[in-house]
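Fold and contact review
One letter stands for each residue in the lines below.
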Amino acid sequence: MKRRARRGFSLLEVIAAVIILAVVAAATVATVAPMKEKSEANLDKQQVASLSAMAQTFQLEHSRFPYNARELGTRGYLPYNTPEERQRVNQMVRKYNYTRNTGTFTVKN
């Protein structure tokens, strides 16, 4: 009696491949998640530094600090023409604290 040539994969082989892929995916997610948080923290630091520098520039030109980040936008220190740009500035107002007497921005906790 001749045996026919085997075609395809057995159920056990398919299950093993799926398990291996799941382990690799879980390891990748566990590695990437902390990197995202760190990059967001670095972005916050950069935005705070930029906003504070713009407030200082505003103070030099107008002899007073701006009332908030929106005023930086309306006076041309930040992009504030399109609805998306206005939304971005409004998100900054909600995300960062602003001390008007010193012109400094900080990240809200």
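Below: a short report on this structure.

Residues other than glycine seldom take positive phi values, yet S63 does so here, at roughly 60°. On the secondary structure map, S63 appears in the loop between α1 (11-62) and α2 (69-74). Overall, the relative accessible area of 63% leaves S63 in the exposed class.

This paragraph deals with α1. In this model α1 runs 74 Å from its N-terminal to its C-terminal C-alpha over 52 residues, within 8% of the 76 Å that 1.5 Å per residue would give. Residues of α1 that are buried in the fold lie against α2, α3 (83-95), β1 (96-99) and β2 (104-107). The positive-phi residue at the C-terminal boundary of α1 is S63, with phi of around 60°.

With that settled, consider the nonpolar core. Within the largest apolar cluster, 15 residues are counted, with the highest numbers of intra-cluster contacts made by L51, L72, L78, V89, Y96, Y98 and F105. Listed by contribution, the elements that provide at least two residues to this core are α1, α2, α3 and β1. In contact with L78, not counting residues within four places along its chain, are L51, M54, A69, L72, G73 and V89.

Next up on the list: the pairing of β1. The alternating pattern of β1 places Y96 and Y98 on a buried face, while none of N97 and T99, on the opposite face, is buried. In terms of strand pairing, β1 meets β2 through 4 bridges, oriented antiparallel. Note that in β2 the partner of Y98 across the bridge is F105. Two successive antiparallel strands, β1 and β2, enclose a turn made up of 4 residues, where G103 displays a positive phi of approximately 70°.

What follows is about the packing of aromatic side chains. Geometrically, a pair of aromatic rings is defined through the distance of the ring centres and the angle of the planes. According to the stated counting rule, one finds 2 aromatic pairs in the structure shown. The ring of Y80 has R86 lying over it, and the distance from NZ or CZ to the ring centre is 5.3 Å.

Cut-offs applied
- Residues numbered from 1 in each chain as written.
- Predicted model: local features only at pLDDT ≥ 70, side-chain atom pairs only at ≥ 80, totals over all residues.
- Heavy atoms only, no water.
- Helix = DSSP H or I, 4+ residues; strand = E, 2+ residues; numbered from the N terminus.
- Buried < 20%, exposed > 50% of the residue type's maximum accessible area, 1.4 Å probe, protein only.
- Expected span 1.5 Å × (residues − 1).
- Contact = heavy atoms within 4.5 Å.
- Core = buried A, V, L, I, M, F, W, Y, C linked by side-chain atoms within 4.5 Å.
- Pairing = 2+ DSSP bridges.
- Phe/Tyr/Trp six-rings, centres within 6.5 Å; stacked < 30°, edge-to-face > 60°.
- Lys NZ or Arg CZ within 6 Å of the ring centre and 35° of its normal.

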